Amino acid sequence: MNVAAVIVEYNPFHNGHLYQLQTIRKTLGVDYIIAVMSGDFMQRGIPAVVDKYERCRMALENGADLVFELPVYFSLGSADYFAKGAVSLIDKLGVVDLLHFGSECGDIAMLTFCAKTLAEETDLYKKQLRIALKEGVSFPTARARAVHAVAARAPQTFPLDTIHTLLSTPNNILGIEYIKALLLRKSTITPVTLSREGGSYHSSALVSGTFASANALRTLLQQTRRHSTAHIQQLQEFVPTSVYHHLLNTSPQSFVFTDDFSQLLYYKLLHELYTEPQFLLDFYDMTPQIANTFYKNLCYFSTISAFTLACKSKNLTYTRISRCLMHILLHMKQEIIDALQACDYCQYARLLGFTKNGQALLKQIKIKASLPIITKPSHALKDFKGLALASWKADLHASTLYQHIKCAPQTAPNELTRELIKHS
């Protein structure tokens with residue numbers, strides 16, 4: 001039995017994702033593919049354009065055998081927490097042999113070298129990092145210089161610009177964090193990378209004959225909601241047929257975007273301002289600088305996107321602000337993520353769906369896993385205690401709020417009674 005895992009968002013699922021799953025089957029000869037997928041909120045601090053159940057269905061129809069949900073405390077975390085949370089879940093399943101991911105460079109040796117350097121933090125690395133930071137350069141630049149200094153004394157050397165690129169491009173960064181997480185866990189899982197093709201991670205353009213970025217597809221879906229469903233026909237070239245039909249049959253008003261949560265977040269910020277003596281400081285990833293920035297700009301709040309732009313600065317990125325705002329919206333506390341880190345990250349694996357082929361693997365997971373597998377959400381709410389319960393309630397809160405926005409003005413489905421997605 002040969003099992004590969006992928007860590008994904010599928011926001012939405014597109015031909016690049018299909019290519020990855022097909023490549024895993026063809027080149028690695030695996031028997032099963034497990035997808036660990038973010039729920040309804042993504043790593044860059046945005047909501048999913050379609051909910052996790054539809055995205056799970058898309059994954060199962062196009063090559064995944066099992067889909068597990070990454071808990072929201074990790075799906076809405078920095079690259080470090082995102083990777084450590086997802087890798088902990090995969091490792092604790094007890095059946096995974098390979099972790100497969102896309103990267104801009106496609107070079108597992110270079111990614112592994114960077115990951116090992118960052119994981120070990122040798123005296124040379126720490127010294128060069130301190131020197132660079134004292135010169136006033138940004139942390140990513142300082143880190144790249146420190147890694148390059150270590151590389152210069154290693155048998156294999158890489159140019160500084162190559163190191164800087166590795167540590168500044170989104171998929172490379174995540175790949176390095178995945179490998180680092182595996183190294184720190186002393187996991188037996190082997191990392192494998194695939195060179196990313198087509199549009200860049202941030203690209204908002206659709207170019208015929210290439211793989212489109214998920215960001216470009218979300219931009220088109222947002223235009224569809226604002227203007228006409230005719231826009232959605234442009235997606236046909238860039239997503240699998242089954243995904244295209246899912247999106248085509250979805251009401252444009254059911255697509256979800258960040259600014260749909262604006263009024264809820266504004267209420268939450270006002271409530272914290274007038275009721276809590278330490279404005280926002282107990283929230284996940286919050287600092288006095290960020291709290292002060294939010295305080296100074298709150299009187300100008302109109303939408304989340306406009307507020308985020310107003311708060312952005314040289315030392316405070318758009319993505320960092322976006323994540324912090326989602327942490328506030330979802331009432332996610334620093335003490336919970338600190339406790340999760342101290343207790344080896346994921347406390348459970350929530351199954352979203354499976355294929356007929358995946359059923360045999362699921363039986364093995366239930367025997368070998370070192371964490372509980374959630375198949376009935378209501379049972380977990382009764383059975384869990386302590387930290388697992390706190391994390392699970394955060395997932396339920398996030399999904400319930402998301403569904404309320406997605407389904408308004410109709411009643412949202414009850415998260416505790418949702419059935420597993422099954423695909424034959």
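Residues numbered from 1 in each chain as written. Predicted model: local features only at pLDDT ≥ 70, side-chain atom pairs only at ≥ 80, totals over all residues. Heavy atoms only, no water.

Attention now moves to the overall build of the protein chain. Of the regular secondary structure elements, the protein chain holds 19 helices and 8 strands. In terms of overall size, the protein chain behaves like a compact globule, its C-alpha atoms giving a radius of gyration of 21 Å where 424 residues would be expected to give roughly 22 Å. Here the C-alpha coordinates of the protein chain stretch approximately 60 × 55 × 50 Å along the principal axes. For the protein chain, the proportion of its 424 residues judged to be buried stands at 53%. Per element, the accessible surface of the protein chain, about 18600 Å² overall, is 51% carbon and sulfur. (Helix = DSSP H or I, 4+ residues; strand = E, 2+ residues; numbered from the N terminus. Rg over C-alpha atoms; globule rule 2.2 N^0.38 Å. Buried < 20%, exposed > 50% of the residue type's maximum accessible area, 1.4 Å probe, protein only. Areas by Shrake-Rupley, 256 points an atom, 1.4 Å probe, with all protein chains shown as cover.)

This next bit is on the nonpolar core. Of all hydrophobic cores here, the largest spans 100 residues; its most connected members are Ile34, Leu99 and Phe294. Ignoring any residue separated from it by four or fewer positions in sequence, one finds phenylalanine 294 in contact with Phe279, Leu280, Met286, Phe307, Cys311, Ile321, Cys324, Leu325 and Ile328. Ranked by size, the runner-up nonpolar core spans 37 residues in total, among them Leu21, Ala35, Leu235 and Leu352. (Core = buried A, V, L, I, M, F, W, Y, C linked by side-chain atoms within 4.5 Å. Contact = heavy atoms within 4.5 Å.)

Within the element layout of this structure, tyrosine 32 appears in strand E2 (residues 32-38). Assessed through its relative accessible area of 12%, tyrosine 32 is described here as buried. Distance in space between the C-alpha atoms of tyrosine 32 and threonine 319 is 34 Å, their sequence separation being 287 residues. Those residues within four positions of tyrosine 32 in sequence are excluded, and the remaining contacts are Met1, Asn2, Val3, Ala4, Arg25, Asp65, Asn357, Gly358, Ala360 and Leu361.

Packed helix pairs are specified by the crossing angle of their axes together with the interaxial distance, meaning the distance between the axes. Taken N-terminus to C-terminus, the directions of helix H14 (residues 304-311) and helix H15 (residues 318-329) make an angle of 130°; their axes are 9 Å apart at the nearest point. Here H14 lies oblique to H15, going by the angle between them. Both H14 and H15 take part in a crossing whose hand is right-handed. Side by side, H14 and H15 meet where Ile304, Ser305, Phe307, Thr308, Leu309 and Cys311 of the first sit next to Tyr318, Ile321, Ser322, Leu325 and Met326 of the second. Its residues placed into classes, the contact of H14 with H15 shows 8 nonpolar, 3 polar and no charged. (Axes fitted to C-alpha atoms, helices over the stretch in contact; angles between N-to-C directions. Parallel < 35°, antiparallel > 145°, perpendicular 65-115°, else oblique. Left-handed = near helix turned anticlockwise from the far one by under 90°. Nonpolar A, V, L, I, M, F, W, Y, C, P; charged D, E, K, R; others polar.)

Inspection of every chain in the model, using the stated rule, returns 17 salt bridges. A salt bridge links glutamate 69 to lysine 52, with the nearest nitrogen and oxygen atoms 3.0 Å apart. Remark: lysine 52 occurs in helix H2 (residues 52-61) and glutamate 69 occurs in strand E3 (residues 66-70); sequence separation between them is 17 residues. Accessibility expressed as a relative area gives 1% for lysine 52, which makes it buried. Residue lysine 180 is joined to glutamate 177 by a salt bridge in which the shortest nitrogen-to-oxygen separation is 3.2 Å. (Salt bridge = Lys/Arg side-chain N within 4 Å of Asp/Glu carboxyl O.)

Between asparagine 11 and proline 12 the backbone carries a cis peptide bond, its omega angle lying at 0°. Among the structural elements, proline 12 can be located in the loop between strand E1 (3-8) and helix H1 (15-28). Put simply, alanine 408 and proline 409 share a cis peptide bond, and its omega is 10°. The residue aspartate 285 is not glycine, and still its phi comes out positive at about 70°. Mapping aspartate 285 onto the fold places it in the loop between helix H12 (262-275) and helix H13 (288-297).

Summed over all chains, the structure comprises 14 aromatic pairs. Among the aromatic residues, ring-to-ring pairing joins Tyr266, Phe294, Phe301 and Phe307 into one connected group. Over the ring of phenylalanine 283 we find lysine 333; its NZ or CZ atom is 5.2 Å from the centre of that ring. One cation-aromatic arrangement involves arginine 418 over tyrosine 53; the distance from NZ or CZ to the ring centre is 3.8 Å. (Phe/Tyr/Trp six-rings, centres within 6.5 Å; stacked < 30°, edge-to-face > 60°. Lys NZ or Arg CZ within 6 Å of the ring centre and 35° of its normal.)

Bringing a positive patch on the surface into the picture now. Residues Lys126, Lys127, Arg130, Lys134 and Arg153 make up a contiguous surface patch of positive charge. Structurally, the position occupied by arginine 130 is in helix H6 (residues 123-134). (Patch = residues over 30% accessible without salt bridge, like charges linked within 9 Å, V, L, I, M, F, W, Y side chains within 5 Å. Lys, Arg positive; Asp, Glu negative; His and termini not counted. Charge placed at Lys NZ, Arg CZ, Asp CG, Glu CD.)

Right, let's get into helix H7 (residues 139-152). With 14 residues, H7 extends 20 Å between its outermost C-alpha atoms, agreeing within 8% with the 20 Å of an ideal straight helix rising 1.5 Å per residue. When H7 is considered as a whole, its buried residues turn out to be Ala142, Arg143, Ala144, Ala146, Val147, Ala149, Val150 and Ala151. (Expected span 1.5 Å × (residues − 1).)

Looking now at the side chain of aspartate 51. Secondary-structure assignment places aspartate 51 in the loop between E2 and H2. Aspartate 51 sits in the buried class, given a relative accessible area of 4%. Reaching out from aspartate 51, the side chain makes a polar contact with the backbone nitrogen of tyrosine 53 at a distance of 2.9 Å. Setting aside anything within four residues of it in sequence, one finds aspartate 51 in contact with Asp40, Tyr402, Gln403 and Lys406. (Polar contact = N/O pair within 3.5 Å; in protein donor to acceptor, adjacent residues only side chain to side chain.)

Moving on: H12. End to end, H12 covers 20 Å across 14 residues, agreeing with the expected 20 Å (1.5 Å per residue, within 8%). Of the residues making up H12, those classed as buried are Ser262, Leu265, Lys268, Leu269 and Glu272. Take H12 and look down its axis: the buried residues cluster within an arc of 130°, on one side only. With respect to the buried face of H12, the exposed residues turned more than 90 degrees away are Gln263, Tyr267 and Tyr274. Each element contacted by the buried residues of H12 is listed here: H14 and H15. (Arc of directions from axis to C-beta.)

Of all 6 residues in E1, 6 are buried, a share of seventy percent or more. The side-chain alternation of E1 yields two buried faces, one formed by Val3, Ala5 and Ile7 and the other by Ala4, Val6 and Val8. As judged from the 6 bridges shared by E1 and E2, these two strands associate in the parallel manner. Note that in E2 the partner of valine 8 across the bridge is methionine 37. Between E1 and its parallel partner E2, the chain crosses via H1, and the hand of that crossover is right-handed. Where E1 and strand E4 (residues 98-103) come together, 3 bridges link them in parallel fashion. (Pairing = 2+ DSSP bridges. Right-handed = clockwise from strand over helix to strand, strands pointing away.)

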